[in-house]
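Structural characterization, general
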Amino acid sequence: MNYEYKKIEEKWQKIWDEKKTFAAKNDFTMPKFYGLVEFPYPSGQGLHVGHPRSYTAIDIVARKKRLQGFNVLYPMGWDAFGLPSENYAIKNHIHPSVVTKNNVANFKKQLKSLGFSFDWDREINTTDPEYYKWTQWIFLQLYKNGLAYKKEMSVNWCTSCKCVLANEEVVNGVCERCGSEVAHKEKSQWMLKITAYADKLIDGLDTVNFIDRVKTQQRNWIGRSYGTQLKFGTTLGDSFEVYTTRADTLFGATYTVISPEHPLISKWADKITNIDAVKAYQEESAKKSDFERTEMSKDKTGVKLEGVMAINPVNGKEIPIFISDYVLISYGTGAIMAVPAHDTRDYEFAKKFDIPMIEVVAGGDISKEAFTDCNTGIMVNSDFLNGLTVDEAKVKMQEWLTEKGIGEKKTNFKLRDWVFSRQRYWGEPIPMVYCEKCGYVPLPESELPLTLPNVESYEPTDNGESPLAKMTEWVNTTCPHCGGQAKRETDTMPQWAGSSWYFLRYCDPHNDKELASKEALEYWGPVDWYNGGMEHTTLHLLYSRFWHLFLHDIGVVPTAEPYAKRTSHGMILGENGEKMSKSRGNVVNPDDIIRDYGADTMRVYEMFLGDFEKAAPWSQSSIKGSKRFLDKVFSLADIFVDGDTYSKELETDFHKVIKKVTEDIENLKMNTAIASLMSLLNNIYEKGSINRAELKTFITLLNPFAPHITEELWEICGFEGMLNETTWPTFDESKCVDSTVEIAVQVNGKIKARISVPADISSNEAISLAKAENAVSEAISGKTVIKELYVPKRLVNIVVK
RNA sequence: GCGGGUGUGGCGGAAUUGGCAGACGCGCUAGCCUUAGGAGCUAGUGUCACCGAUGUGCAGGUUCAAGUCCUGUCACCCGCACCA
């Protein structure tokens, strides 16, 4: 029989659609499984071969779970706000909503043609007012709880997108999206206080099953450090605070540094005798872009403040104060105590400016480099700390500082608050109005959704205003508080807003009273398994955990953490091993693959490609292997015979493969699961026939990977009902072992022979059988046997001298 | 610099966690079949001085036994990047 994949695939996709085969059931008594993949941004380019790698893997898990009796929620939707649609709209004078609609239709068609078991009844779209009503609602809750605030500050400004960026969106000093230079701009921005959740975001990681690299990356990004904040007096009679994690080295502090933006400078301006040089340095560092600043990070620069000295609180010594851009205003107090002998950066700076160093931890050689090791050193030159270890000294100094009222314990984070406004059209309007009298006033919840007005032009402006600002009839409104004249906020929310809670909406997508019902959230939450890209680790994944932790605190969701398990797929690279991109000309279009080989082949190929977590290059010729496999599977119908139990020859094989596939799917080892099915298929053909029981098991195991061809075979072979209504095969551990096994016989670890023995053979018998082999007796004759060992079912090793 | 990871045939990758390295697939070679083949079938395929030796980035070590454990070292990839 011929495997007509096109006909078969279209047929079953239509049946699944009509029967709503994969709709999640509203039966909250069943055991549930909520599998989630990141919903795509529906770009004009259509689906990329990278998308199906993630979607197929979780589809396989979802399909298997259904057969195992779970009520499965596997939803899909569209993260449709964003710049590409807006830019396309600007260029072609089409409303972004129209662009989005067309792109969604195309994406949906493509996804359907791959046979994913999504519950399309729960499809959502972040640009739908019925959806973003609740995005705005969450913003209002954040505002009411003091977690959204407006602040005038220096922000990252993408010169090409003409829009501010969050810290997470700046990569190597350039815009994460377009790669353009990022400048600094003073702007008043809506901020979300994600830093209030820094501890919870770190500690929560201990309660979830995320792959380690995701956890470490989030921990590093949040960057918690435990230290001390302490006060240095000055010769002007005032004081300033510094943050340090090495309070133990306080006796070694030989200077201090404040950042160029530090407010002390203007306070001291008339006392600083070299104020011109200081101001020049301030200006110079303000001009540097993030990119330049990191580029120049090796060479330390700075200016000493003349006319003021700091006083080391532990010994009263007067030490100089510098300004230098290696101290950041945004971290700690924007000022540090410098201990050149025990900090690499201070060491470099001190060498350059010829500042003395004092060794306070013995164990290194400070004439060569800073000694920063905290584990081996012993305190010296430190009065009451002498002789202590670093850890002991930290504690003692901390106590001393606290007692004297000079310093206290302090935890700091690298994480900054989230810049939440964007000066673009195609985003959720921020539901706030500005009233001259009342200041910023939140829109009443009853007025949500606040929909985007229709504007003539979506062009971003150079002055940093949102395109919405020109819509005077939309902007001018009345104050919800006093009824007076007021203006709407014209900035919109960032890309990451809608995706920060979308998985909640899937639980109850048509609810118009709340973002989702309590019952639905109780039942479906948390997401059991979430797979997505590593590139979202410190963006979407972090943001959505923050929102969820907050929603939990205000009682909206039942659990603190949104995702019980997080895995991540590797990228699919072009055939040349480089990242797929239009400019490199190595992009593979999924539509072409489906046309030439079929969706099932595409699915099997992408899963067989290699280790799911690692990047893997696409290989056009390897696809043929997957196609050949499915061709052979389809031909099983030709060698189909009667028989309702596994045949003797294949029984062990079947039990082993059921075990292997069942376990491999849970571990995302799809490549080895497929390999074991291929192996089994080879054995079946060697035997020459397959019976009912065997075929049933085989196609059920293969079904999650290749759903169309297996449904078709199910029908052809006359099995009852549909394959997706059957149950997942089970295995018997005792039947997974062969009764006879081939073992290796080694002499001094070198293989001399292979023998077949009963699996349960005794050690003595195995060894004597081994010795009976010619090659073995030859190798040991005339030598003394020192040791003989038998590793059950593996090998015999005879050690001779 | 800090953090995470990876090095196994011509290629993608396996290896029950210390027990026969190279499963499965691609590619390649030879043969068969075919008017033809970028189709199918059969056999072979780590390397070499091919009855034997050797082999998992490199150098040591532990062990009866090491891809796997330990020490050192090199290379590459990813994330963060002066975070005090």
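The numbering scheme is per chain: residues are counted from 1 as the chain's sequence reads. Chains carry letters and ligands carry numbers; both start at the beginning, A for chains and 1 for ligands, and go up in the order they are written. Only residues with pLDDT of 70 or above have their local features reported here, since the model is predicted, and side-chain atom pairs are shown and tallied only from 80 upward, although totals for entire chains, interfaces and linings are computed over all residues. Values reported for side chains reflect all heavy atoms of the structure, with hydrogen atoms and water molecules removed beforehand.

**Digging into the protein's contact with RNA strand B**
Around RNA strand B there are 47 residues in total, and Thr245, Arg345, Leu609, Arg754 and Arg794 lie nearest to it. Expressed as a percentage, the sugar and phosphate content of the atoms of RNA strand B within 4 Å of the protein is 62%. Within 3.5 Å is the distance limit for a polar contact, defined as a pair of N or O atoms, with the added protein rule that one can donate a hydrogen and the other accept it, and that residues adjacent in sequence qualify only through two side-chain atoms. A distance of 2.4 Å is found between a sugar or linking oxygen of RNA strand B and a backbone nitrogen or oxygen belonging to threonine 245. For the surface near RNA strand B, the leading source of residues is helix α21 (residues 670-687), giving six residues. Each residue is assigned to one class: nonpolar for Ala, Val, Leu, Ile, Met, Phe, Trp, Tyr, Cys and Pro, charged for Asp, Glu, Lys and Arg, and polar for all the others, Gly among them. Its residues placed into classes, the surface near RNA strand B shows 18 nonpolar, 16 polar and 13 charged. Put simply, a residue is near a molecule or strand once any heavy atom of it comes within 4 Å of that molecule or strand. Secondary structure follows DSSP: runs of H or I at least 4 residues long count as helices, runs of E at least 2 residues long count as strands, and numbering of each begins at the N terminus.

**Some words on helix α18 (residues 599-608)**
Every α-helix winds through 3.6 residues per turn, so residues three or four apart in the chain are directed the same way. Burial classes: relative accessible area under 20% of the type maximum marks a residue as buried, over 50% as exposed, and values in between as partly exposed (1.4 Å probe, protein chains only). A large share of α18 lies buried, amounting to nine of its 10 residues. Those residues of α18 that sit buried are Ala599, Asp600, Thr601, Met602, Arg603, Val604, Tyr605, Glu606 and Met607. One or two positions beyond α18, positive phi appears at glycine 610, with a value near 160°.

**Points about the pairing of strand β24 (residues 485-488)**
Here β24 shows a buried face lined by Ala486 and Arg488 and an unburied face lined by Gln485 and Lys487. By this definition, two strands are paired if DSSP reports at least two bridges between them. In this sheet, β24 lies alongside strand β23 (residues 476-478) in antiparallel orientation, the contact comprising three bridges. Residue pairing in the sheet places threonine 477 in a bridge with alanine 486 of β24. Two successive antiparallel strands, β23 and β24, enclose a turn made up of six residues, where glycine 483 displays a positive phi of approximately 80°.

**Quick notes on the side chain of lysine 565**
Along the chain, lysine 565 falls in strand β26 (residues 565-567). Charged residues are defined here as Lys and Arg on the positive side and Asp and Glu on the negative side; His and the ends of the chain fall outside this count. Between Lys or Arg on one side and Asp or Glu on the other, a salt bridge is scored when a side-chain nitrogen of the former is within 4 Å of a carboxyl oxygen of the latter. Buried lysine 565, no salt bridge; nearest opposite-charge side chain is glutamate 666, N-O distance 5.1 Å. What lysine 565 contacts, discounting residues up to four positions off in sequence, is Asn209, Phe210, Val527, Asp528, Trp529, Tyr530 and Glu666. Here, two residues are considered to be in contact whenever any of their heavy atoms come within 4.5 Å of each other.

**Observations regarding the packing of aromatic side chains**
Each aromatic ring pair is specified by the distance between its two centres and by the angle formed by the two planes. Two aromatic rings, drawn from Phe, Tyr or Trp (for Trp, its six-membered ring), form a pair once their centres lie within 6.5 Å of each other, and the interplanar angle then sorts them: stacked below 30 degrees, edge-to-face above 60, tilted otherwise. By the definition in use, this model includes 50 aromatic pairs. A centroid spacing of 5.7 Å and a plane angle of 10° characterise the contact between phenylalanine 139 and phenylalanine 420, whose relative ring orientation is stacked. Note that phenylalanine 139 is positioned in helix α5 (residues 129-144) and phenylalanine 420 in the loop between β20 (418-419) and β21 (432-435), a separation of 281 residues in sequence. Classification of phenylalanine 420 as buried rests on a relative accessible area of 0%. With 5.4 Å between their ring centres and 50° between their planes, tyrosine 326 and phenylalanine 349 make a pair best called tilted.

**Quick notes on the pairing of strand β12 (residues 239-244)**
Sheet analysis places strand β11 (residues 225-234) next to β12, joined by six bridges and oriented antiparallel. Bridging across to β12, lysine 231 finds its partner in glutamate 241.

**Remarks on the sheet that holds strand β25 (residues 529-531)**
An order of β2-β1-β25-β26-β10 is seen for the five strands of this open sheet, with the pairing classed as parallel. This sheet does not close on itself; its edge strands, each paired only once, are β2 (71-73) and β10 (209-210). Against the sheet, helix α2 (residues 50-67) engages β1 (32-37), β2 and β25, with an angle of about 170° to β1. Throughout, an axis means a line fitted to C-alpha atoms (over the contacting stretch in the case of helices), and angles, computed between N-to-C directions, take values from 0 to 180 degrees.

**Brief notes about the environment of lysine 162**
Its place among the elements puts lysine 162 in the loop between β5 (148-158) and β6 (163-165). Lysine 162 gets classed as partly exposed once you look at its relative accessible area, which sits at 23%. Apart from residues lying up to four places away in sequence, lysine 162 is in contact with Trp157, Gln423, Arg424, Pro460, Thr461 and Asp462.

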